[in-house]
Amino acid sequence: MKKTLRNSLAVLTLLAGGEAMFAQAIDWPTFGGDIERSGQGKSEIKITKDEVTKNFKLLWKMQQRGTPSLMAPLVLGRLIGYRGFKELAFFGGSDDSLYVMDADMDRLYWQTKFVPPINAPAPTAECPGGMTAMPSLIPVSVRRSHPSTRKRFEAGFGGPRSIYLISSDGMLRRVNVANGNESGMPFQIFPANSRVSALNIDEGMIYATTSHGCGGAGNGVWGIDLATPDPSTAPEVTTLMTGPANYAGIGGPVIGKDGDVFVQTLDGPNDPANGKYSNALLALEPKTLAVKGYFIDSSSGSAPKGDLNSVTPVTFEYKDHEVIASVSRDGHLNLLDEKSLAAQGDHKTPLAQSPRIPTGNDGGLWGSLTTWADPADKTRYILATVWGNASGRNGSIAAYKLEEKDGKTVFTPVWTMPNLIRPVPPVVIGGLAFVLSSGEGRKNAVLHVVDSLTGTPVWSTKNEITAPGNLTPLTVANGRVYLVTADSTVWVFGLPLEL
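What counts and how
- Residues numbered from 1 in each chain as written.
- Predicted model: local features only at pLDDT ≥ 70, side-chain atom pairs only at ≥ 80, totals over all residues.
- Heavy atoms only, no water.
- Helix = DSSP H or I, 4+ residues; strand = E, 2+ residues; numbered from the N terminus.
- Buried < 20%, exposed > 50% of the residue type's maximum accessible area, 1.4 Å probe, protein only.
- Contact = heavy atoms within 4.5 Å.
- Areas by Shrake-Rupley, 256 points an atom, 1.4 Å probe, with all protein chains shown as cover.
- Pairing = 2+ DSSP bridges.
- Axes fitted to C-alpha atoms, helices over the stretch in contact; angles between N-to-C directions.
- Patch = residues over 30% accessible without salt bridge, like charges linked within 9 Å, V, L, I, M, F, W, Y side chains within 5 Å.
- Salt bridge = Lys/Arg side-chain N within 4 Å of Asp/Glu carboxyl O.
- Lys, Arg positive; Asp, Glu negative; His and termini not counted.
- Charge placed at Lys NZ, Arg CZ, Asp CG, Glu CD.
- Disulfide = S-S within 2.5 Å.
- Polar contact = N/O pair within 3.5 Å; in protein donor to acceptor, adjacent residues only side chain to side chain.

(A) Geometry of the overall build of the protein chain. In terms of regular secondary structure, the protein chain is built from 4 helices and 34 strands. Within the protein chain, the proportion of its 499 residues that are buried is 56%. Here the contacts in the protein chain between residues at least 6 apart in sequence split such that 55% fall between residues at least 24 apart. Counting every atom, the protein chain has about 21100 Å² of accessible surface; 53% of that belongs to carbon and sulfur.

This is the structure in structure tokens:
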């Protein structure tokens, strides 16, 4: 009897411990880790400076042969499946595949491949074809308290947890995270072979942009309403076409604390009265995509060619209200608030603007911004990814903080990390900034870890990575850092499980 009781208590203790460990597992559900696109692992507790210095190492790597290109992964740390507790990493492939890895066991968990369109056009740099939209999981934080929100959430997202993606035929697909089966009917949303941005999900809506005229889709913002009572009925789709200017950055739409949608446009004719917005940051109403406000970049300098100074903005709270940081076409950081975007403003005066961030003769900023607040004193920091020239050499990471001086908000330079090749936007976790120098040609990628407040080096992969990176952002979750190289190899560095 006593032995049985001891065994029962042991089982209960084991289950309780496993449940507690499982409860701590976190997701990286979308580009930048959250709907604001902050690049911050807000709930990560395993990664600390001491642990990285002592125990960080290569955990595993996997090469997916035959796949032209892999996207940065999403991470689901909370699956209870028929194979037990699992942490899964989801990789979208440009070949219209979704690869899912068991992050603990270093093996393929499942794989789903969709049939590409017949007679797809030859890929180009602007219209690469294949799957272009980074998929998204539904962030747990979208479960807000308002009853109407709960009703919409339950209507749109009932059944097994799913990952949402856009295949190259323009179909919206909902895939069961446990087995790779489609959880419902696919629906035609975009023209086939459109260049669709990374997806962002909030309050039962999926948001994305299309650009470059790929597949015949214009430059527009798309809102897909998933809250339909009949799963066999196509979701309602709202679009806002914004003129000939393409969209900036690699992160797709950004979502603010009240559900507003923010997008940044690039060069082109500007005529807001007739719906043409160029070099503009737009604030859009959730679901309807009606223009609530806009900021026109009136930079006097010339814009670099290509994707430089084309950067996804980021939204965050500063001094108890929401602000947006964006990049001007001549390389300044802009800080915007409701007054900068509102109808009564002049649409061209930011709350604050940094000096032009120095680059080479033909360099600029790239990708997206990273932001976090120091837990000690709530100081807000912003990291910009700088390419020293058009090919990305002589790159750097430039760190700024927001301060109040003489009654004005200013960007104050804090530190710079130089001598990087094609760096990608950093991720900040536990007082550390994870920085990837992608390399090119014979220069392979190097992952650096530095102190996020000072830029002081903490750890590096040195020569361990054996290929250049493929310019996808980093993913960090549950003590692991994921990166992808140009040879379709996934590299996972982190803390061993036994720790």
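(B) Region of the structure containing the sheet that holds strand E34 (residues 489–494). The 4 strands are arranged E1-E34-E33-E32 in an open sheet whose pairing can be described as antiparallel. The open sheet terminates on both sides in strands that have one partner only, identified here as strand E1 (57–63) and strand E32 (475–477). Sheet twist, expressed as the average angle between the axes of neighbouring strands with direction ignored, equals 20 degrees. Direction of pairing for strand E33 (residues 480–484) relative to E34: antiparallel, over a ladder of 5 bridges. By the bridge assignment, Arg480 is partnered in E34 with Gly494.

(C) Spotlight on the pairing of strand E15 (residues 261–264). What you see with E15 is no split at all: Val261 and Val263 on one side and Phe262 and Gln264 on the other are buried throughout. As judged from the 2 bridges shared by strand E14 (residues 254–255) and E15, these two strands associate in the antiparallel manner. Counterpart to Val254 in the pairing with E15 is Phe262. Count of turn residues in the E14/E15 antiparallel hairpin: 5 residues, of which Gly259 carries a positive phi of about 90 degrees. Note that E15 and strand E16 (residues 280–284) share 4 bridges and pair antiparallel. Following the sheet pairing, Val261 is matched in E16 by Leu284.

(D) Here's a closer look at the pairing of strand E19 (residues 314–318). For E19, a buried count of 4 out of 5 residues is recorded, marking the element as mostly surrounded by other parts of the structure. Judged from the 5 bridges that link them, E19 and strand E20 (residues 321–327) form a sheet pairing that is antiparallel. The residue of E20 that forms the bridge with Glu317 is Glu322. If you look at the hairpin formed by E19 and E20, you'll find 2 residues sitting between the two strands, and Lys319 has a positive phi there, around 55 degrees.

(E) Structural view of the sheet that holds strand E8 (residues 171–176). Strand order in the open sheet made by the 4 strands is E6-E7-E8-E9, with antiparallel pairing throughout. Both outer strands of the open sheet, strand E6 (136–137) and strand E9 (187–188), are each paired with one neighbouring strand and no more. Looking at chain direction, strand E7 (residues 162–166) and E8 are connected through 5 bridges and run antiparallel. Note that in E8 the partner of Ser162 across the bridge is Asn176.

(F) Region of the structure containing a negative patch on the surface. On the surface, a cluster of negative charge is contributed by Asp258, Glu317, Asp320 and Glu338. Tracing the sequence through the fold places Glu338 in helix H4 (residues 338–341). Take Glu338: its relative accessible area is 45%, and that puts it in the partly exposed class.

(G) Geometry of the state of the cysteines. Across all of its chains, the model carries 1 disulfide by this definition. Here Cys127 engages in a disulfide with Cys214; their sulfurs sit 2.0 Å apart. Disulfide Cys127 to Cys214: torsion about the S-S bond roughly -85 degrees, handedness left-handed. Highlighted residues: Cys127 in the loop between strand E5 (107–113) and E6 and Cys214 in the loop between strand E11 (205–210) and strand E12 (220–225), separated in sequence by 87 residues. Overall, the relative accessible area of 24% leaves Cys127 in the partly exposed class. A relative accessible area of 1% means that Cys214 is categorised as buried.

(H) Looking closely at the side chain of Glu44. Residue placement: Glu44 occurs in the loop between helix H1 (2–24) and helix H2 (49–55). Look at Glu44: it is buried, it has no salt bridge, and the nearest opposite charge is Lys46 at 6.3 Å. Here the side chain of Glu44 touches Gly479 through a polar contact of 3.1 Å, landing on its backbone nitrogen. Among residues more than four places away in sequence, those in contact with Glu44 are Ile26, Ile429, Ala477, Asn478 and Gly479.

(I) Highlighting the environment of Ala477. With respect to the helices and strands, Ala477 occurs in strand E32. Setting aside anything within four residues of it in sequence, one finds Ala477 in contact with Ile26, Trp28, Glu44, Val75 and Glu87.

(J) The pattern of salt bridges, seen in detail. If you walk through the whole model with that rule in mind, you get 18 salt bridges. Residues Lys86 and Asp102 are paired through a salt bridge, measuring 2.9 Å at the closest nitrogen-oxygen approach. Of this pair, Lys86 sits in strand E3 (residues 84–93) while Asp102 sits in strand E4 (residues 97–102); the two residues are 16 residues apart in sequence, bridging distant segments of the chain. Neither residue differs from the other here; Lys86 and Asp102 are each classed as buried.

(K) Unusual backbone geometry, seen in detail. Unusually for a residue other than glycine, Asn119 sits at a positive phi of about 60 degrees. Note that Asn119 resides in the loop between E5 and E6. Judged by its relative accessible area of 75%, Asn119 is exposed. One non-glycine residue with positive phi stands out, namely Asn394, at about 55 degrees. Secondary-structure assignment places Asn394 in the loop between strand E25 (380–387) and strand E26 (395–405).

By themselves, these observations are geometric and do not establish any function.
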